[in-house]
Amino acid sequence: MANIENDSEWTRRQFIVRTGAVAAVGAAAPFMRIADAASLKGISKSPNDKLVIGLIGCGGMGAANMRSLMGFEDVEVAALCDVDDNRVTNDYRDVEKKYGRKPDVYKDYRKILDRKDIDAVIVGTPDHWHALVLIHACEAGKDSYCEKPISHNIVEAVSMAEAAKQHKRVVQCGTWQRSTREFTDAIDYIRSGKLGKIVLCRAWIEDGFHAGRQQPTEPPKGLDYDMWVGPAEFVPYQSNRCHFNWRWFMNFGGGMSTDWGVHMMDIALLGMSKDQDLVMPTSVSAVGGRRAILDDDRNAPDCMDAIYDFKDHDFSMHWSIGRDHPGKEGHGTEFVSADGRTLRVWRGGWKVLDPGGKELPKESAAPPPNHWRDFVDCVKSRSKPRADIGSVAQTTIVCHLSNVALSSGEIVKWDAAKHDIAGKAGKNCLAYHRPYRKGYKLPEYKPTA
């Protein structure tokens, strides 16, 4: 076990993680090895040649993002990191097959951040780990592709965006709908004014996920569960609240409001904004809770209706987590104009409807670039990517505000100038701020002008 607080180099960088929580890579996993000088031969250190990447958080979207980036000839994956040996095997095999050499594997993500040959990292951990890994990556001079939602709470989102800004890091976020044709067409159409004055936006998702009932057990061999819990409140291991299912437990995720809200509300906010600097609500109220999935360990709401009021452009937005949405796709975003016309967009298509529901003609704009290619190109050019963390942090905060309003039972007001909730309403909620577990500390970055 590594005693991080006694490690002067990491202490200097403020890489403060729970003392003794990080296990060294064990010999029980035969495919794992620590980097040595020989393993670094042939790896480019310059992003002008090849972008050398490390994956932090194997399996799931972390692995999917890695495979997307592996499709580019100017990208090379050098290392993998996960606290669960069982999540590494497939990624390890595919990297070795692609590059003809074995990637280095760690359980301690800081080992990747300390490598001078690695230019950028993929942050593919569960939500409750995103803030620490991303901020530490910025402090280590690494660019990042960070999965969505970027944070577990509002305070983390603000600190993450500011860390990237202050350390001048390129951070692309996993809101890939920003680079998908139907959504970019819809956003361009709304921004063009062709639908007229927008008075209402709607975004929605169905939620039927069951985690089931389980009793605590011992973690499986190969999983450092203490490290997996990380800065969150420690709860005994249950498989139904670990990999993937952590989304439905508010200790680790934010339910559908963050998991899908960050996609669907993002499109509404982009359509109502001139660019990536998004319009922000002035107040939020919400009703709902666990109303349908009751005999279950999950504690995230399965039904929610949140109303956001915006003074900029004078419109409101309705966010819905429901059992169904008759006549519509199971997810989507709508823009409703003053004369009753509606633009509806979902994964797979978009349409413009007259007040009676008849489909109207529409026009397409130029196709967007590949989301992952955009990240690579922006790292090299030092340009702002399509899903820049400063912008996605705004969307993420909007998503968290629905959970804050629901949890507190209060109307929550947002002060965009201060990047904070105005007043005390909602500030005692987990979706606003969480106390980190003893031994962990969030490096808080305050907004600058």
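Below you will find a few notes about this structure. These numbers were taken from a predicted model, which means no experiment stands behind them.

Remarks on the sheet that holds strand E3 (residues 104-106)
Reasoning step 1: In space, the six strands of this open sheet follow the order E3-E2-E1-E4-E5-E6, with parallel pairing throughout. On the outer flanks of this sheet lie E3 and strand E6 (171-173), each paired with one strand and no other. For this sheet, the mean angle separating the axes of adjacent strands, direction not counted, is 25°.
Reasoning step 2: In this sheet, strand E5 (residues 143-146) lies alongside strand E4 (residues 120-123) in parallel orientation, the contact comprising four bridges. Residue pairing across strands places Val121 opposite Ser144, the latter belonging to E5.

Quick look at the pairing of strand E9 (residues 303-310)
Reasoning step 1: Two strands pair when backbone bridges link them, and strand E8 (residues 283-289) and E9 are joined in this way by seven bridges, in the antiparallel orientation. Its bridge partner being in E9, Ser283 is matched across the sheet by Asp309.
Reasoning step 2: Across seven bridges, E9 lies against strand E10 (residues 315-322) in antiparallel orientation. Counterpart to Phe310 in the pairing with E10 is Phe315.

Focus on helix H6 (residues 154-166)
For an α-helix, the turn length of 3.6 residues means that residues three or four places apart are oriented alike.
Reasoning step 1: Between its terminal C-alpha atoms H6 stretches 18 Å, which fits the 18 Å expected from 13 residues at 1.5 Å a residue.
Reasoning step 2: Burial analysis of H6 places 11 of its 13 residues in the buried class, which makes it a mostly covered element.
Reasoning step 3: When H6 is considered as a whole, its buried residues turn out to be Ile154, Val155, Glu156, Ala157, Val158, Ser159, Met160, Ala161, Glu162, Ala163 and Ala164.
Reasoning step 4: The opening residue of H6, the one whose side-chain oxygen lies 3.3 Å from the backbone nitrogen of Val155, is Asn153.
Reasoning step 5: The first or second residue beyond H6 is Lys168, which carries a positive phi of 55°.

Let's talk about the sheet that holds E9
Reasoning step 1: Ordered in space as E14-E13-E12-E11-E7-E10-E9-E8-E15-E16, the 10 strands form an open sheet in which the pairing is mixed. With partners counted over all chains shown, the strands left at the sheet margins are strand E14 (359-360) and strand E16 (420-422), one partner each.
Reasoning step 2: Sitting on the sheet, helix H10 (residues 261-271) is in contact with strand E7 (198-206), E9, E10, strand E11 (331-337) and strand E12 (342-346), with an inclination near 20° to E11.

Criteria and thresholds
Residues numbered from 1 in each chain as written. Predicted model: local features only at pLDDT ≥ 70, side-chain atom pairs only at ≥ 80, totals over all residues. Heavy atoms only, no water. Pairing = 2+ DSSP bridges. Helix = DSSP H or I, 4+ residues; strand = E, 2+ residues; numbered from the N terminus. Axes fitted to C-alpha atoms, helices over the stretch in contact; angles between N-to-C directions. Expected span 1.5 Å × (residues − 1). Buried < 20%, exposed > 50% of the residue type's maximum accessible area, 1.4 Å probe, protein only. Polar contact = N/O pair within 3.5 Å; in protein donor to acceptor, adjacent residues only side chain to side chain. Contact = heavy atoms within 4.5 Å.

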